[in-house]
Amino acid sequence: MEATPVLRMTSIDKSFGGIPALSNASLTIRPGEVHALIGQNGAGKSTMIKILNGAYKKDAGDIELDGNPVQFGSPHEAQLGGVSTIFQEVNLVHYRSVTENIVLGQEPKKFGLIDWPAAHRRAQEVLMRFGLDIDVHKPLHSYNIAIQQLIAIARAVSFDARLVIMDEPTSSLDEQEKQVLFKVIRDLSAENVAVLYVSHHLDELFAVCDRVTVMRNGQMIATHDIADVSKIGLVSEMIGRDANQIAKAGATGFGHNHAGGDKVVLELQSLSNGTSVQDASLIVHQGEIVGLAGLLGSGRTETVSMIFGADQPAGGTIRFKGKPGAFRQPAQAINAGIGYCTEDRKAEGIIPGLSIRENLTLALLPRLASRGIIPRATERELVDDFIAKLGIKTAGMEQPIRELSGGNQQKVLLARWLATEPELLILDEPTRGIDVGAKREIQALIEGLSQSGLSVLMISSEFEELIEGANRVVVLQEGKTVTTLEKDNLTEDSLLAAVAGHVDVAAE
Amino acid sequence: MSESINTTTTAKESGKSLQDLIRSNGTFLALIALIVINMLITPNFLQLQTLYVNLTQVATIAIVALGMTMVIASGGIDLSVGAVMALSGALAPYIFLSDFGVANPTMGLVLAILIGLLAGLVCGMFNGFLINQFAIQPIVATLVLFIAARGLAQVLTNGNLQVFDNPAFEFLGTGRILGLPFQALAAVVLALALSWVVRRTSYGRYLLAVGGNPKAANLSGISVNRVRLLTYAICGVLAGFAGMVVSAINSASDANQTGQLMELDAIAAAVVGGASLMGGKAPIIGALIGACIIQLVKYTLLANGVHDAVALIAKAVIIILAVYVQLNRAE
């Protein structure tokens with residue numbers, strides 16, 4: 001006989017405004033197991049989690065925790081009931097101390113007041129479980145994002161959790177920090193705390209999970225022991241296509257046979273911003289895809305934001321199309337023919353309340369409008385055109401962009417820049433947090449654009465994307481260009497060595 | 001069995017659509033409800049005189065609320081509108097009562113109105129400048145003129161009531177076109193114009209983008225500072241205009257009373273009309289309806305002999321209701 005599962009969700013239904021998000025979805029998690037939940041954007045993973053932790057109400061179905069029927073009214077109730085959720089973005093209180101963040105909602109009290117010495121002790125104990133020996137009196141924001149993430153997990157576990165839900169926990173972690181997280185997950189599992197692990201990164205599942213459940217279109221497709229499945233098998237279940245087809249096409253949507261021209265479009269020489277970027281140099285030719293690689297904090301985003309005029313250089317030169325190109329504002333860069341798709345769609349990309357139409361034409365308005373008035377018919381035509389060309393899945397161009405999946409939002413943002421007909425397109429993590437299907441489409445689109453003469457500077461943390469997509473990869477370490485890998489010697493190993501290599505260099 | 005399932009779904013759906021109707025047209029329905037209630041309980045409500053009084057009074061709230069809605073859409077707030085009203089309301093008579101104004105009545109009047117509007121413009125730009133240049137939070141930045149503009153108006157008038165007799169200027173507050181108060185028509189025309197601006201111009205789109213996500217707006221090539229400056233300037237001009245209307249109604253400028261608590265009425269009207277204090281939404285026509293609701297509540301309580309202080313509480317309740325409805329909407 002199997003032990004009573006820690007969680008059993010049976011035949012869950014949920015629809016929004018008549019459109020089903022989950023239909024007859026069931027999920028069983030064993031005590032202490034690490035269970036992955038995967039699927040494309042819009043497959044219903046988030047809905048499933050939110051029903052479990054009480055953020056949404058289910059329309060039908062049953063939830064049992066340790067064999068007892070439960071129905072949480074809010075994530076806080078769920079937390080007290082033993083189900084803790086750690087969200088994609090760390091949602092703690094940045095300006096308060098580590099201790100306050102950990103004990104918030106369950107402060108030890110003495111005579112009705114918070115017993116601070118006891119609170120600090122409790123916080124320290126909780127963190128020590130994860131081998132984290134830090135000063136708990138300091139404010140949270142004085143620690144880096146990885147430690148914040150660990151603190152969030154520590155907080156979640158301190159509620160005597162039976163089940164911890166992690167939604168894309170590694171999205172802001174580097175390789176080393178990921179390993180720390182995985183160790184924590186294994187420790188949790190050893191203490192019989194189950195983990196529901198939601199991620200787009202299949203490699204991580206194989207590193208840390210026991211079982212995996214695949215969702216598609218609001219339904220559970222299958223649950224496997226991780227040892228019994230292959231990456232390609234999982235991908236094919238997620239997108240509902242045959243595994244052989246995928247194997248033939250390669251891991252990304254990039255082909256292999258594009259070459260750039262001779263004309264130099266962008267040239268950086270010893271660019272610096274005085275802090276995180278010290279000596280960044282690179283060249284982009286017309287029609288090339290140049291990759292920009294490096295660890296978190298290596299200055300990749302800071303470098304491109306200077307090219308775009310969002311930040312000002314402190315030293316070095318930028319030349320765009322042969323002319324000095326130190327733009328004082330993004331508007332100037334856009335005028336000159338540069339587009340910039342930011343890394344953080346939500347914070348720096350979309351205008352959530354505006355429609356697809358309004359978001360898509362935002363950067364084009366100065367050219368689209370005549371005497372400040374937007375020509376409606378022209379605008380609609382243009383938007384229709386891009387929705388069709390990029391295969392944006394939507395109920396219509398007047399739909400608010402926040403209702404779209406990540407992949408479709410990204411396509412709208414790409415369209416925002418393509419509409420301005422740029423000569424250089426800067427892409428910062430263009431496929432982060434996007435489901436497999438849309439990812440391949442976007443990669444194929446980037447490739448197609450570069451073949452038609454667009455120059456692309458692409459920041460990516462995904463090696464596959466860089467290796468298969470880029471003509472050349474420039475590697476940054478601590479704000480300095482350390483090496484440039486040409487297509488011929490661009491392999492997973494060479495890239496890894498270049499990105500992580502500064503330890504060796506320093507040792508020699 | 002299947003039949004019973006069907007009925008429940010239909011019942012659910014029709015319930016939902018009624019809810020949706022109330023949510024998306026809540027402000028308008030509230031206005032209708034207020035009118036119906038008044039028809040039942042307020043004596044002499046259905047008379048032209050009542051309509052006239054209400055239209056006269058609502059116009060100033062509405063005009064200021066339009067500007068406030070724009071500012072709120074940009075993600076800000078403007079507490080100085082009442083004080084700017086007092087300043088423009090005092091400045092205009094100061095010009096046409098001056099030696100030059102008396103010697104050249106026409107020229108003096110035109111100049112008076114222009115300078116009244118200009119004062120609003122300058123105040124608005126000053127607000128925008130503080131917010132842009134020093135990154136001061138709007139609620140604090142506009143507090144400066146909330147105090148200083150009224151102070152300036154009091155200096156201009158020596159703190160006294162300045163009575164005047166200038167029929168041409170008084171048209172702003174007492175004139176009628178087709179039997180309707182001039183300022184009410186002005187409010188409607190301004191609302192239609194601004195509503196068009198928000199929907200059809202680049203500036204309107206930029207306004208919503210800046211309010212909805214300033215970072216993304218900047219990276220899309222929008223000059224966030226310029227949009228903010230223009231928005232506060234529009235709000236200032238509208239407040240200046242409203243201030244002159246109040247002086248025209250009273251045939252006197254009163255630096256101490258003109259525009260008192262107007263900032264709160266205007267914010268309330270904007271919020272009741274559907275503006276979100278988070279920014280990114282500019283329901284201009286909603287602000288017009290919101291102003292009518294605020295006015296009608298005031299009038300209802302007054303006409304039924306309820307004390308002023310109680311009326312303030314009623315206003316507070318309406319704001320809470322409006323915010324509550326918005327919270328539901330955001331879901």
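Residues numbered from 1 in each chain as written. Chains lettered and ligands numbered in written order. Predicted model: local features only at pLDDT ≥ 70, side-chain atom pairs only at ≥ 80, totals over all residues.

## Points about the sheet that holds strand S13 (residues 264-272) of chain A
Residue and element names in this part refer to chain A.
Part 1 of the reasoning: A sheet is described by the order of its strands in space; here four strands give the open sequence S14-S13-S16-S17, paired in antiparallel fashion. Each having just a single partner strand, strand S14 (280-285) and strand S17 (323-324) make up the two edges of the open sheet.
Part 2 of the reasoning: Across five bridges, the pairing between S13 and strand S16 (residues 315-320) is antiparallel. Bridge pairing links Leu268 to Ile318 in S16.
Part 3 of the reasoning: Across the sheet, helix H10 (residues 300-307) touches S13, S14 and S16, and the angle it forms with S13 is around 120°. (Pairing = 2+ DSSP bridges. Helix = DSSP H or I, 4+ residues; strand = E, 2+ residues; numbered from the N terminus. Contact = placed C-beta atoms within 7 Å. Axes fitted to C-alpha atoms, helices over the stretch in contact; angles between N-to-C directions.)

## Some points on unusual backbone geometry
All names here are of chain A.
Part 1 of the reasoning: Unlike most non-glycine residues, Asn24 shows phi in positive territory, near 55°.
Part 2 of the reasoning: Positionally, Asn24 belongs in strand S2 (residues 19-29).
Part 3 of the reasoning: By the C-beta count within 10 Å, which is 14 here, Asn24 ends up partly exposed.
Part 4 of the reasoning: The residue Lys321 is not glycine, and still its phi comes out positive at about 55°.
Part 5 of the reasoning: Along the chain, Lys321 turns up in the loop between S16 and S17. (Buried ≥ 20, exposed ≤ 12 C-beta atoms within 10 Å, placed from the backbone.)

## Points about the pairing of strand S22 (residues 480-486) of chain A
All names here are of chain A.
Part 1 of the reasoning: Alignment of strand S21 (residues 472-477) against S22, held across six bridges, turns out to be antiparallel. Looking at S22, one finds that Gln477 is bridged to Lys480.
Part 2 of the reasoning: Hairpin remark: S21 followed by S22, antiparallel, with two residues in the connecting loop; positive phi at Glu478, about 45°.

## Structural notes on the interface of chain B and chain A
Part 1 of the reasoning: With 18 residues of chain B at the contact, the number on the chain A side is 23 residues.
Part 2 of the reasoning: At the level of elements, helix H10 (202-212) and helix H11 (214-219) of chain B are the ones that each hand at least two residues to the side of chain B that touches chain A.
Part 3 of the reasoning: The biggest single contributor to the side of chain B that touches chain A is H10 of chain B, with six residues.
Part 4 of the reasoning: For the side of chain B that touches chain A, a count of residues per class yields five nonpolar, nine polar and four charged. (Nonpolar A, V, L, I, M, F, W, Y, C, P; charged D, E, K, R; others polar.)

None of the figures reported here should be taken as evidence of function without further support.
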